Amino acid sequence: MVPDKAFIGELDEVVGTANVLTDPELTHHYRRDWTGRFVAPSAAVVRPGDVTEVAAIIELCRKHQVAVVPQGGNTGLVAGAVPLSGELVVSTERLNGIESVSAGSGGLTALAGTPLATVQQAALDHGWVYGVDIASRDSATIGGTVATNAGGLRVSRYGDSRQQVVGIEMVAGTAEIISEMSGTLRNNTGYHLPSLVAGSEGTLGILTRVALRLVPRFRSRTAALLRFENPSDATNSAEQLRGLIPGAESIELFFGDGLRLVCSTFSMAPPFPRTDGGYVLVEVAGQDDQTAVLAEAVEVLAGVSDVAVADDSTGRARLWRYRELHTEAIAALGVAHKLDIAVPPGALDEFMTAVPETVRRVAPEATTWLFGHAGESAVHVNVTGLDNDDYSADEAVLNLVIAMGGSISAEHGIGRTKLSWMGLAHSEVDLAVLRRIKSAFDPDGIMNPAVLIK
Ligand code: 2HG
Ligand code: ZN
């Protein structure tokens with residue numbers, strides 16, 4: 001059922017009228033995804049202030065069979081948090097705050113709606129680092145990043161969100177409060193709920209609190225931007241660097257077309273006189289100066305034609321802007337179709353070479369942009385110049401990924417946009433088990449029913 005007047009009245013009683021929004025102007029921001037590709041015509045939004053209010057809301061939704069879309073910072077890129085079928089949006093924005101940081105043992109607990117950047121800063125203030133970093137850090141929430149198992153820029157070293165989360169509190173689709181917040185670094189007492197909930201995309205329940213493990217803060221940090229005349233040399237070198245620099249924090253890849261777009265969109269000077277070819281951005285951190293470690297690795301790579309190195313925070317930030325601003329620069333061209341894929345290590349160049357032609361065959365008028373996390377053989381395929389509901393390029397690229405034995409989501413999740421391909425990513429037996437897991441948490445099927453699994 002779509003929320004009606006009587007239901008809204010009951011919600012008002014739980015959270016107060018000010019925290020139930022239905023006016024289209026007030027709900028606009030909750031109804032539209034970051035890309036602008038998916039916009040719900042109307043929606044009701046509820047903003048609970050604590051876990052008991054979340055449980056009371058889910059109880060009401062069960063009673064009235066109202067479907068729910070949990071929403072954090074609404075920065076997702078697979079339409080996993082927009083109410084396109086009239087679901088009730090349960091926003092975690094009022095569940096905001098760091099609860100504790102242990103400087104001694106490197107643990108942090110926070111409410112689910114706390115922005116990622118706040119978590120990162122709290123960790124730094126106590127001499128630690130939170131292992132996950134993504135470009136949308138100021139708006140994305142810690143609950144959203146855990147629920148989608150966000151990866152980002154440091155997966156090479158620390159893994160994705162699933163590897164950081166050591167405790168959760170959540171309201172399941174049954175309206176039960178599940179609390180496992182001890183935060184011990186080792187816990188071998190059976191099914192590990194924090195790991196299961198990481199990447200569940202709001203289909204099991206709503207996260208209200210998380211316990212995270214932090215990683216040590218290193219004294220020295222060096223970034224290098226490498227330019228390669230030949231794009232294939234850049235791709236192959238990026239994959240090679242994972243073995244050449246054990247523990248490299250980031251190994252990122254982009255190409256001349258993306259670089260030129262970033263520079264023209266943001267009026268930035270390019271890093272080198274030439275702007276064609278392929279680019280690898282690599283960052284290394286350690287207790288001692290890391291420049292020699294980087295230099296030794298770069299020596300081994302084939303085809304490096306330019307190098308820029310930075311070991312201070314301003315210089316590093318300058319190099320990172322060329323990579324991080326890709327998403328915004330592409331968005332300035334219009335709505336982009338976004339795919340976040342991985343191929344088996346060693347196969348990235350073959351994939352990169354094949355993608356533009358694969359897209360051209362089904363959408364000759366479209367433009368393909370490639371950049372991403374090449375250290376893990378993962379890349380973002382963005383396609384511009386397509387209608388919002390034209391899935392021809394999405395389909396062609398995902399079929400290529402499957403044919404190469406890759407993963408159709410390496411970072412952003414399945415959401416709605418890749419739901420139709422779940423059958424290619426999993427066997428029927430796998431899917432049946434996933435459905436049974438979902439129904440243990442959400443027997444009525446009210447939690448984000450259009451997302452991840454059907
Ligand atoms: C990144 O790596 C983000 O910058 C966004 O995951 C990727 O815009 C995209 O497709
Ligand atoms: Zn990414």
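Residues numbered from 1 in each chain as written. Chains lettered and ligands numbered in written order. Predicted model: local features only at pLDDT ≥ 70, side-chain atom pairs only at ≥ 80, totals over all residues. Heavy atoms only, no water.

Draft legend 1. Region of interest: the site of ligand 1. Around ligand 1 lies a shell formed by Leu 77, Arg 323, Thr 327, Lys 338, Phe 371, His 373, His 380, Asn 382, Glu 411 and His 412. Side-chain polar atom of His 373 to an oxygen atom of ligand 1: 3.0 Å apart, as the coordinates give it. Between ligand 1 and His 380, the relevant distance is 3.0 Å, taken from an oxygen atom to a side-chain nitrogen or oxygen of the residue. Coverage of ligand 1 by the protein amounts to 91% of the 300 Å² it exposes when considered alone. Classifying every residue of the shell around ligand 1 by side-chain character gives two nonpolar, five polar and three charged. (Near = heavy atom within 4 Å. Polar contact = N/O pair within 3.5 Å; in protein donor to acceptor, adjacent residues only side chain to side chain. Areas by Shrake-Rupley, 256 points an atom, 1.4 Å probe, with all protein chains shown as cover. Nonpolar A, V, L, I, M, F, W, Y, C, P; charged D, E, K, R; others polar.)

Draft legend 2. Spatial organisation of the packing of helix 1 (residues 5–15) against helix 3 (residues 51–64). It is the contact of helix 1 with helix 3, at a shortest axis distance of 10 Å, that shows an interaxial angle of 165°. Classified by the angle between their axes, helix 1 and helix 3 sit roughly antiparallel to one another. Classified by chirality, the crossing of helix 3 by helix 1 is right-handed. Along the contact surface, helix 1 presents Phe 7, Glu 10, Leu 11, Val 14 and Val 15, while helix 3 presents Glu 53, Ala 56, Ile 57, Leu 60, Cys 61, Lys 63 and His 64. Its residues assigned to classes, the contact of helix 1 with helix 3 shows eight nonpolar, one polar and three charged. (Axes fitted to C-alpha atoms, helices over the stretch in contact; angles between N-to-C directions. Helix = DSSP H or I, 4+ residues; strand = E, 2+ residues; numbered from the N terminus. Parallel < 35°, antiparallel > 145°, perpendicular 65-115°, else oblique. Left-handed = near helix turned anticlockwise from the far one by under 90°. Contact = heavy atoms within 4.5 Å.)

Draft legend 3. Region of interest: the pattern of salt bridges. Using the criterion set out here, one finds 25 salt bridges in the structure. Across the pair Lys 63 and Glu 10 runs a salt bridge whose closest N-O atoms are separated by 3.1 Å. Taken together, the residues Lys 63 in helix 3 and Glu 10 in helix 1 connect sequence positions 53 residues apart. Connected through shared salt-bridge partners, Asp 133, Arg 137, Arg 154, Arg 157, Arg 221, Glu 249, Glu 283, Arg 316 and Glu 324 make up one network. (Salt bridge = Lys/Arg side-chain N within 4 Å of Asp/Glu carboxyl O.)

Purely spatial values, then, with no claim about function.
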